[in-house]
Each structure stands twice: as structure tokens, then as C-alpha cells.
Amino acid sequence: QKRTMMRAAVYTKYNTPLKILPVPIPQTPPDGVLIRVKATGVCRSDWHGWKGHDADITAHGLPFIPGHEVSGIVIKIGTLVRSLRVGDRVAVPFIL
């Protein structure tokens, strides 16, 4: 049976505790990968987003899933990806 949901730390209001909620598993774009996240950092920009100070996040709207510095395992690759394989361990930096 194919899973369609995953758990994520989400904030639904600014400056309130994050909640662990079920969310849909993202679609894998042709030039991207899907990563099972094993660890993520929380940095100053995540804090500013949580406080409502980050224009990109306020433009996106709530709810919002923070975390952009992750490491994990590739579980799916897009049709155009040639440099990674399912099972590869990866770390994703702040700037892509």
C-alpha cells in the first residue's frame, strides 16, 4: 500500500508551539528528489519565520513547515535526475 501522508513539524500561528501533524507527501518534480529527512537544523531564519518577521513566509501563508537545512536518504528521484540514486545519503545546504 502506497503511503500518501507523512509527519511534519508545522506552525499554524506565529509565535506559538509547533505541532507534529500529518501532511501530504510532496510530489517529486522531474528535476528533483524526495528525501526521507533524518535530521534538520533550526536556524535564525526559521526563528524569524516563526515570529512572522520573514516576508517570504508571510507571503506563503500559514500553515508552514520550517526547516531547509536537512540530511537524509533519497527515496525517490525525478525522471531528469542523473547524479543521485534511491538510497543515497544526502545533505541539503541552506542555499540551493
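The residue count restarts for each chain, going from 1 along the sequence in the order it is written. Totals for whole chains, interfaces and linings use every residue, but because this is a predicted model, local features are given only for residues with pLDDT of at least 70 and side-chain atom pairs only at 80 or more, for both listing and counting. Only hydrogens and water are set aside; all other atoms, that is, all heavy atoms of the structure, feed into the side-chain values.

(A) Region of the structure containing the overall build of the chain. Helix numbers and strand numbers start at the N terminus; a helix is a DSSP run of H or I with at least 4 residues, a strand a run of E with at least 2. Within the chain, the secondary structure is distributed over two helices and five strands. N-terminal to C-terminal, the α/β element order of the chain is β-β-β-α-α-β-β. If one aligns the C-alpha atoms of the chain with their principal axes, the spans along those axes are about 40 × 30 × 25 Å. Per-residue burial for the chain yields a buried fraction of 20% across its 96 residues. Any two residues whose heavy atoms approach within 4.5 Å at even a single point are treated as in contact. Long-range contacts, defined here as pairs at least 24 residues apart, represent 56% of the contacts in the chain between residues at least 6 apart. Residue-level accessible areas treat just the shown protein chains as cover; the underlying method is Shrake-Rupley with a 1.4 Å probe. Here the chain has roughly 7200 Å² of accessible surface; of this, 59% comes from carbon and sulfur atoms. In this count, Lys and Arg are taken as positive residues and Asp and Glu as negative ones, while His and the chain termini are left out. By convention, the point assigned to a charge is CZ for Arg, NZ for Lys, CD for Glu and CG for Asp. Averaging the locations of the 13 positively and 6 negatively charged side chains of the chain gives two centres separated by 12 Å. The rule is simple: take the accessible area with a 1.4 Å probe, protein chains only, and divide by the maximum for that residue type; under 20% is buried, over 50% is exposed, in between is partly exposed.

(B) Molecular detail of the environment of Val90. Secondary-structure assignment places Val90 in strand β5 (residues 89-92). For Val90, a relative accessible area of 17% gives the class buried. Put simply, Val90 and Ala39 are 51 residues apart on the chain and 11 Å apart in space, counted from C-alpha to C-alpha. Those residues in contact with Val90, other than ones at most four positions away along the chain, are Ile35, Val70, Ser71, Gly72, Val74 and Leu84.

(C) Inspection of the pairing of β5 at higher detail. A one-sided burial pattern is seen for β5, the buried positions being Val90 and Val92 and the unburied ones Arg89 and Ala91. Strand pairing is assigned whenever DSSP detects at least two bridges linking the two strands. Strand direction decides the pairing type here: strand β4 (residues 70-77) and β5, joined by four bridges, are antiparallel. Paired with Val70 across the bridge in β5 is Val92.

(D) Spotlight on the packing of aromatic side chains. Each aromatic pair joins two rings of Phe, Tyr and Trp (for Trp, the six-membered one) with centres within 6.5 Å, and gets the label stacked for planes under 30 degrees apart, edge-to-face for over 60, and tilted for any other angle. For the structure on display, the rule yields two aromatic pairs. Each ring, one from Tyr11 and one from Tyr14, has its centre 6.2 Å from the other, and the planes form 50°; the classification is tilted. Classification of Tyr11 as buried rests on a relative accessible area of 1%. Here the aromatic cluster, defined as three or more aromatic residues joined through ring pairs, consists of Tyr11, Tyr14 and Phe64.

(E) Representation of a positive patch on the surface. Together, Arg3, Arg7, Arg36, Lys38 and Arg89 give the surface a local cluster of positive charge. The topology assignment puts Arg7 in strand β1 (residues 5-10). What makes Arg7 exposed here is its relative accessible area of 71%. Think of a patch as exposed residues, more than 30% relative accessible area, with no salt bridge, where like charges cluster within 9 Å and nonpolar side chains (Val, Leu, Ile, Met, Phe, Trp, Tyr) cluster within 5 Å. One speaks of a salt bridge when a side-chain nitrogen belonging to Lys or Arg is within 4 Å of a carboxyl oxygen belonging to Asp or Glu.

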